[in-house]
Amino acid sequence: MNKTMTKGAAALPLNTIIGGDCVEAMNSLPANSVDLIFADPPYNLQLKGQLHRPDNSKVDAVDDHWDQFSSFQAYDQFTREWLKAARRVLKPNGSIWVIGSYHNIFRVGAVLQDEGYWVLNDVIWRKSNPMPNFRGKRFTNAHETMIWASKSEGAKYTFNYEALKALNEGIQMRSDWVLPICTGHERIKDENGDKAHPTQKPESLLHRILVGATNPGDVVLDPFFGTGTTGAVAKMLGREFIGIEREEAYRKVAEKRIKAVRKFDREALEVSASKRAAPRVPFGQLVERGMLRPGEELYSMNRRHKAKVRADGTLIGDNIKGSIHQVGAHLENAPSCNGWTYWCFKRDGKTVPIDVLRQQIRAEMQN
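Counting of residues starts from 1 at the beginning of each chain's written sequence and follows it residue by residue. Selection of residues for local features in this predicted model requires a pLDDT of at least 70, selection of side-chain atom pairs for listing and counting requires 80 or more, and totals for whole chains, interfaces and linings are taken over all residues. Values shown for side chains rest on all heavy atoms present in the structure; no hydrogens or waters enter the calculation.

- The name an unreviewed UniProt entry assigns to the protein chain is Methyltransferase, from the organism Leisingera caerulea.
- UniProt positions are given in the numbering used here, feature names are shortened, and annotations may be inferred rather than shown by experiment. What the UniProt record of the protein chain gives under Catalytic activity (unreviewed entry) is the line "a 2'-deoxyadenosine in DNA + S-adenosyl-L-methionine = an N(6)-methyl-2'-deoxyadenosine in DNA + S-adenosyl-L-homocysteine + H(+)".

This is the structure in structure tokens:
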């Protein structure tokens, strides 16, 4: 990983943590240059005094200076500035995820819409092991909210539906995610054994976001990098990352953490894809390339029917002419037919589905 860069970097600083103000840093990046932004901005918790457990021990709450704003108006102005800068660097087909709590997420959502983003979903991260409400005067705060938005209304964006479905044991992924907060080995500690960052996000959360909304090689920007969860997961999943973090202590922790991460091998990075997402291959291309010859006979998989290949990529058989799908449907007296799985041909005495040839062409297109 490259060393921390200064705020004035002109080129796209891949796999680098930029030190400094996030707005200035984003404005130094090329426009329309990143595929996805994950933002975990200050929550503006407005804590009043210290919080203690029933045994009078102090709760390690978020009371850092970076989470303190003089007013809601000051926080809104901060939000407008960084969201405007973020939208400039986001590609037209990119998307943004912003996470927050009830303290700030509604204000952030309004500014998102004001700045021209188009909200796609709000996703609830329901914590399976939340911190209790020690005072007993409110509900246990057991979730945070993420807003997923495209750059503008009608813009295209990446959504790996089948991959998320596979992650969820074949069931469509819902917008409420039950995942634990950082504990045990995943919680990064400083030299004194204390939490290195009070709001470190679990890698499982970023894994799901990046698998669902990016592809290998995409550039992921995190303007509030903290201890580098986004960078660590991006590296594992074969994505490029850019982190921005003004606190030197956090940058040092993130550098060390990401350096120790091993990237998954290429085969492991592949995810389930929709059949519609696969490159379209016309049957006629098989004829053009000589993989099937005009006059060659095709046979139905059930062996009941056959048809002859014509020079224009259509079939003729049993007084019917048309595409591989039309002829198959007519012969089976069916309303429709997937010709790719219906027809096969013979080679060296063996019966081979024509879809094998289509997959061969697709593999060539993707290399």
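### A few points about the overall build of the protein chain
At step 1: The helix count covers DSSP runs of H or I at least four residues long, the strand count covers runs of E at least two residues long, and both are numbered beginning at the N terminus. A tally of helices and strands in the protein chain yields 12 helices and 14 strands.
At step 2: Burial status follows relative accessibility: with a 1.4 Å probe on protein chains alone, a residue under 20% of its type maximum counts as buried, one over 50% as exposed, and anything between as partly exposed. Each of the 367 residues in the protein chain was classed as buried or not, and the buried ones make up 44%.
At step 3: Per-residue and other accessible areas follow the Shrake-Rupley method at a 1.4 Å probe size, with only the shown protein chains counted as cover for residues. Only carbon and sulfur atoms are counted for the fraction: they give 48% of the accessible area of the protein chain, which is about 20,000 Å².

### Observations concerning the packing of aromatic side chains
A ring pair, where both rings are aromatic, is described by two values, the distance of the centres and the angle of the planes.
At step 1: For Phe, Tyr and Trp, where Trp contributes only its six-membered ring, two rings pair if their centres lie within 6.5 Å, and the inter-plane angle classes them as stacked under 30 degrees, edge-to-face over 60, or tilted in between. By the definition in use, this model includes 11 aromatic pairs.
At step 2: Taking 4.8 Å as the distance between ring centres and 90 degrees as the angle between the ring planes, the aromatic pair formed by Tyr-342 and Trp-343 counts as edge-to-face. Comparing Tyr-342 with Trp-343 shows no difference in burial state: the two are buried.
At step 3: Through pairs of rings, three or more aromatic residues link up here, namely Trp-97, Trp-148, Tyr-157, Phe-159, Tyr-161 and Trp-177.
At step 4: Any Lys NZ or Arg CZ that is within 6 Å of a ring centre and within 35 degrees of that ring's normal is treated as a charge sitting over the ring. Arg-87 extends its terminal NZ or CZ atom over the ring of Tyr-117, reaching a point 6.0 Å from the ring centre.
At step 5: Directly above the aromatic system of Trp-177 lies the positively charged group of Arg-208, at a separation of 5.0 Å from the ring centroid.

### What about the nonpolar core?
Note on soluble globular proteins: their nonpolar side chains tend to be buried together.
At step 1: Ranked by internal contacts, the top residues of the largest apolar core, which has 34 residues, are Trp-97, Met-146, Trp-177, Leu-205, Ile-209 and Leu-210.
At step 2: Throughout, a contact is declared for two residues whenever any of their heavy atoms are within 4.5 Å. Once residues within four sequence positions are removed from consideration, Met-146 is found in contact with Trp-97, Val-98, Ile-99, Asn-121, Asp-122, Val-123, Trp-125, Trp-177, Leu-205 and Ile-209. Take the buried Ala, Val, Leu, Ile, Met, Phe, Trp, Tyr and Cys residues and link them wherever side-chain atoms come within 4.5 Å; each set so joined is a nonpolar core.

### Some words on the pattern of salt bridges
At step 1: Whenever a carboxyl oxygen of Asp or Glu lies within 4 Å of a side-chain nitrogen of Lys or Arg, that contact is scored as a salt bridge. The tally for this structure, following the rule as stated, stands at 12 salt bridges.
At step 2: The salt bridge involving Glu-297 is made with Lys-306; its shortest N-O contact spans 3.7 Å.

### Some remarks on the pairing of strand β4 (residues 118-127)
At step 1: The pairing of β4 with strand β5 (residues 143-150) spans 8 bridges and is classified as antiparallel. Bridge pairing in β5 links Val-119 to Ala-149.
At step 2: For two strands to be treated as a pair, DSSP must find no fewer than two bridges joining them. For β4 and strand β6 (residues 176-179), the ladder comprises 4 bridges, and the chain directions are parallel. If you follow Arg-126 over to β6, its bridge partner there is Val-178.

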